Amino acid sequence: MPELHPAEETLLDHASGRLGRHLRPVVEAHLDLCPTCRTTVAALAVPGGELLRRVDGPPPSTSCWSRLLARLDEPLSAPSLPPGAPVPPAAQAELTGGVQRSWGGFFTRGARFFVLDVDREGESILGMAQMPGGRRFPRHTHLGYEHSVVLAGGYRDESGTFEEGDFGVCPPGSDHGPDTLEGEPCWILFCLERPVRFHGWRGLLQRLAGH
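Rules used throughout
- Residues numbered from 1 in each chain as written.
- Predicted model: local features only at pLDDT ≥ 70, side-chain atom pairs only at ≥ 80, totals over all residues.
- Heavy atoms only, no water.
- Helix = DSSP H or I, 4+ residues; strand = E, 2+ residues; numbered from the N terminus.
- Buried < 20%, exposed > 50% of the residue type's maximum accessible area, 1.4 Å probe, protein only.
- Lys, Arg positive; Asp, Glu negative; His and termini not counted.
- Salt bridge = Lys/Arg side-chain N within 4 Å of Asp/Glu carboxyl O.
- Contact = heavy atoms within 4.5 Å.
- Phe/Tyr/Trp six-rings, centres within 6.5 Å; stacked < 30°, edge-to-face > 60°.
- Pairing = 2+ DSSP bridges.
- Patch = residues over 30% accessible without salt bridge, like charges linked within 9 Å, V, L, I, M, F, W, Y side chains within 5 Å.
- Areas by Shrake-Rupley, 256 points an atom, 1.4 Å probe, with all protein chains shown as cover.
- Axes fitted to C-alpha atoms, helices over the stretch in contact; angles between N-to-C directions.
- Parallel < 35°, antiparallel > 145°, perpendicular 65-115°, else oblique.
- Nonpolar A, V, L, I, M, F, W, Y, C, P; charged D, E, K, R; others polar.

1. Quick notes on the side chain of Glu28
Following the sequence through the fold, Glu28 ends up in helix H2 (residues 23-33). Buried and unpaired, Glu28 has no salt bridge, with Arg24 as the nearest side chain of opposite charge at 7.2 Å. Each residue touching Glu28, except ones within four places of it in the same chain, is listed here: His14, Ala90, Ala91 and Glu94.

Have a look at this one:
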């Protein structure tokens, strides 16, 4: 049972359909692993449904329904997931974009990173990371919010220990160097508002590369 959960405001935004496309899969992955938050989201959705039932107005036109049904029949472009990625079905259903890039070995031995989707400006990304147990990820500073959920394994940093299903939030300006827990590889699904800045020689190479 996860011990770290999204804020109620985040769950309310999810229940009302206001989350951005990169954050939705992260929250969905947590909900799949957390019955407590699933119950909370169901309760938060009740007032909105009741309000919609009470709204007076003309029904949607036939052409509106036709356009909606046509959109539902359109195939979605979704990224192919890395082999063995433990992504819950509900989160997979939210993945669109068809972008996949991977890196390994530059930042730390054995780590792999997969960019699943990038916004039009190239700032916000939805990604996955996989790292063997018992390894340290290089220290870095967050330039924007990061929301993440542990899909398997776990890690610890200055703020605590994160295990399967736990939801983490790193605010802008925070920095850390997580250590993966001993044992199975750690998989996380994450949404970054802006790229991170690495410390030390990695940060220098990052700046020289123009990232």
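That shown, we press on.
2. Structural notes on the packing of aromatic side chains
One pass over the full model with this rule turns up three aromatic pairs. Site record: aromatic cluster; members linked through ring pairs are Phe113, Phe137 and Phe198.

3. Observations concerning the pairing of strand E11 (residues 186-192)
In terms of burial, E11 is largely enclosed, as seven of its seven residues are buried. One ladder, built from seven bridges, connects strand E3 (residues 125-131) with E11; its direction is antiparallel. Each bridged residue has a counterpart across the sheet, and for Met128 the counterpart in E11 is Leu189. Relative to E11, strand E5 (residues 146-152) runs antiparallel, the two being bridged by six bridges. The partner of His147 across the bridge, within E11, is Cys191.

4. Section: the pattern of salt bridges
The full count for this structure, using the stated rule, is six salt bridges. Here Asp117 makes a salt bridge to Arg21, at a shortest N to O gap of 2.7 Å. Placement of Asp117 in strand E2 (residues 112-118) and of Arg21 in the loop between helix H1 (8-15) and H2 is noted, with a sequence separation of 96 residues between them. A salt bridge links Arg139 to Glu158, with the shortest nitrogen-to-oxygen separation between them at 2.3 Å. Of this pair, Arg139 sits in the loop between E3 and strand E4 (140-142) while Glu158 sits in the loop between strand E6 (154-157) and strand E7 (160-163), placing them 19 residues apart in sequence. Since its relative accessible area comes to 53%, Glu158 is described here as exposed. Members of the salt-bridge network, linked through shared partners, are Arg139, Glu158 and Asp175.

5. As for the sheet that holds strand E10 (residues 179-180)
Strands sit in the order E7-E6-E10 across an open sheet of three strands; the sheet is antiparallel. Where the open sheet ends on each side, the last strands, each with one partner, are E7 and E10. Examined bridge by bridge, E6 and E7 share four bridges and lie antiparallel to one another. By the bridge assignment for E7, Tyr155 is matched with Phe162.

6. Remarks on a nonpolar patch on the surface
Taken together, the side chains of Trp201, Leu204, Leu205 and Leu208 make up a nonpolar region of the molecular surface, amounting to roughly 430 Å² of accessible area. Within the secondary structure, Leu208 is located in helix H6 (residues 200-208).

7. Some words on the packing of H1 against H2
Remark: H1 packs on H2, axes separated minimally by 11 Å, with the N-to-C direction vectors making an angle of 105°. Taken together, the axes of H1 and H2 are roughly perpendicular relative to one another. Counting all contacts with H1, which are made through Thr10, Leu11 and His14, the residues of H2 involved are Leu23, Val27, Glu28 and Leu31. Partitioned by chemical class, the residues of the contact of H1 with H2 number four nonpolar, two polar and one charged.

8. Here's the deal with the sheet that holds strand E12 (residues 196-198)
The strand order across the open sheet built from three strands is E9-E4-E12, with neighbouring strands paired in antiparallel fashion. What marks the edges here is a single partner per strand, and that holds for strand E9 (175-176) and E12. As paired strands, E4 and E12 are joined by three bridges and run antiparallel to one another. The residue bridging His140 from the neighbouring strand is Phe198, located in E12.

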